[in-house]
Amino acid sequence: MADINPQVITAAELADRVPDIVIITGMSGSGRTQALHVFEDMGYFCIDNLPPSLVLQLAQLVGINTGVGRHLAVTSDLRSQGLFDELLDTIQNLRAHEMSCKVVFLEASDEVLIRRYSENRRRHPLAKPGDTTADAIQRERTQLAEVRDHADMIIDTSRLKVAALRAKLRMAFSELTDQQLMDVQVFSFGFKHGMPVEADILIDVRFLPNPFYDPEMRKLTGLDEKVSRFVLEHPNTQAFWTAWRQLLDAVMPGYVAEGKPQLSIAVGCTGGQHRSVAIAEATARYLERQQYHVTISHRDLPRANMTASGEAH
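What you see is a predicted model; the values in this text were computed from it and never measured.

1. Thoughts on the overall build of the protein
From N to C terminus, the protein includes 12 helices and 9 strands. Each of the 313 residues in the protein was classed as buried or not, and the buried ones make up 45%. Taking the intrachain contacts of the protein between residues at least 6 apart in sequence as the baseline, contacts between residues at least 24 apart amount to 79%.

2. Here we look at the side chain of Thr221
Looking at the secondary structure, you find Thr221 in the loop between strand S7 (201–204) and helix H10 (225–232). Residues within four places of Thr221 in sequence aside, it is in contact with Val227, Gln273, His274 and Leu301.

3. Let's talk about the packing of aromatic side chains
Counted by the stated rule, this structure contains 8 aromatic pairs. Judged by centre distance (4.9 Å) and plane angle (80 degrees), the rings of Phe39 and Tyr44 are edge-to-face. Taking the centre distance of 6.4 Å and the plane angle of 50 degrees together, the rings of Phe187 and Phe189 count as tilted. Note on Phe187: relative accessible area 5%, which makes it buried. On the basis of relative accessibility, which here comes to 0%, the residue Phe189 falls in the buried class. Taken together, Phe39, Tyr44 and Phe173 form an aromatic cluster joined through their ring pairs.

4. Regarding the confidence of the model for the protein
Here the protein shows a mean pLDDT of 86. Residues at 70 or above account for 90%. Of all secondary-structure elements in the protein, the lowest mean pLDDT belongs to helix H1 (residues 11–17), at 55, while S7 reaches the highest, 97. In this model residues 1–12 is a low-confidence stretch, pLDDT under 50, and it forms 9 contacts with partners more than four residues away in sequence or in other chains. Within the model, pLDDT remains below 50 along residues 307–312, and this stretch shows 12 contacts once partners closer than five positions in the same chain are excluded.

5. Quick word on the sheet that holds S7
Strand order in the open sheet made by the 4 strands is S7-S8-S6-S9, with parallel pairing throughout. The two strands at the open ends of the sheet, each matched to only one other strand, are S7 and strand S9 (293–298). Taken over all neighbouring pairs, the strand axes of this sheet differ in orientation by 15 degrees on average, direction set aside. Here S7 pairs with strand S8 (residues 262–269) via 4 bridges, running parallel. Residue pairing across strands places Leu202 opposite Ala266, the latter belonging to S8. Along the sheet, helix H12 (residues 275–289) contacts strand S6 (183–190), S8 and S9; its crossing angle with S6, the most-contacted strand, is approximately 170 degrees.

6. A look at the sheet that holds strand S3 (residues 72–75)
Spatial ordering of the open sheet is given by S2-S3-S1-S4-S5, a layout of 5 strands whose pairing is parallel. Looking along the sheet, the strands with just one partner apiece sit at the ends: strand S2 (45–47) and strand S5 (153–156). Strand after strand, the sheet turns through a mean of 20 degrees between neighbouring axes, direction not considered. Across 4 bridges, strand S4 (residues 101–107) lies against S5 in parallel orientation. For Val104, the partnering residue across the bridge sits in S5 and is Met153. Packed onto the sheet, helix H3 (residues 55–62) meets strand S1 (21–26), S2 and S3 and runs at close to 150 degrees relative to S3. Each of S1, S4 and S5 is contacted by helix H8 (residues 162–173), which is oriented at about 170 degrees to S5, the strand it contacts most.

7. Here's the deal with the pattern of salt bridges
Side chains carrying opposite charge are able to pair once their charged atoms draw close together. This model, assessed by the stated rule, comprises 12 salt bridges. In this structure, Asp110 engages Arg141 in a salt bridge whose closest nitrogen and oxygen atoms are separated by 2.6 Å. You can see Asp110 sitting in helix H5 (residues 110–120) and its partner Arg141 sitting in helix H6 (residues 133–143), a full 31 residues away along the chain. On the basis of relative accessibility, which here comes to 25%, the residue Arg141 falls in the partly exposed class. For Arg229, the salt bridge is made with Glu233, and the minimal N-O distance between the two is 3.3 Å.

Criteria and cut-off values
- Residues numbered from 1 in each chain as written.
- Predicted model: local features only at pLDDT ≥ 70, side-chain atom pairs only at ≥ 80, totals over all residues.
- Heavy atoms only, no water.
- Helix = DSSP H or I, 4+ residues; strand = E, 2+ residues; numbered from the N terminus.
- Buried < 20%, exposed > 50% of the residue type's maximum accessible area, 1.4 Å probe, protein only.
- Contact = heavy atoms within 4.5 Å.
- Phe/Tyr/Trp six-rings, centres within 6.5 Å; stacked < 30°, edge-to-face > 60°.
- pLDDT = per-residue confidence, 0-100.
- Pairing = 2+ DSSP bridges.
- Axes fitted to C-alpha atoms, helices over the stretch in contact; angles between N-to-C directions.
- Salt bridge = Lys/Arg side-chain N within 4 Å of Asp/Glu carboxyl O.

Okay, here's the thing in structure tokens:
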């Protein structure tokens, strides 16, 4: 089983490498559910504990390999009897229908699996009356030996943190870069309308020059070029903008490395009409140039000009 080269891969190469369908199997307690969550975050259509014999039917139902760019990930375990024979038949059927498939096998040491079942106070799904957890684990390991031998990727999760598991699966099965996998939401708001509780990063730009005090810009917003240029080209803003970009450059890679699926950046001024809007728009454009997947919104912009004209924004 060849290692994946960590060098930079183009989008076309990523798309060509990623299979249509991933079947996740392996030892009970080894992290199959956590792995499936990673595939969900990557945009796969995901089903837990699906018998392999139903994979082709499901793939056809949800339109896998129909040009829509969708992928499927499923987990299968020994609760599906005859797992190995079903897997072989499934892979052959998928290939006959021009669908590519990879099998990911998760495992862990007996000691780690026993500890996980003890901590979760769960009974091993294959345990028979009178069995210890160790007995059930050994039986499952024996029955899965042939499946393991034919897996495309084997991951031992004994000492693997969830973030590391996520990184391995993303590297192997995502069409997107790490930056693109994180959904960055940038939005403006006005402090007088309440603090946003959902923000991961919040920046207060009320110290910047306020276009509100210019009668020609009072009824405009940060989306208007005149206001945007006033805010962004002011010397005070220039100094802030340099420091703000440096901060983003420092923290964003850390969030990506942590595998954070979503990051919310809030930019606030007094009313959410002028300064915060202009800075939020500039921030979104900057992050897009860094290849992040960014959405931009302005929470309080619909309130603009609805309050008393004498109240600063």
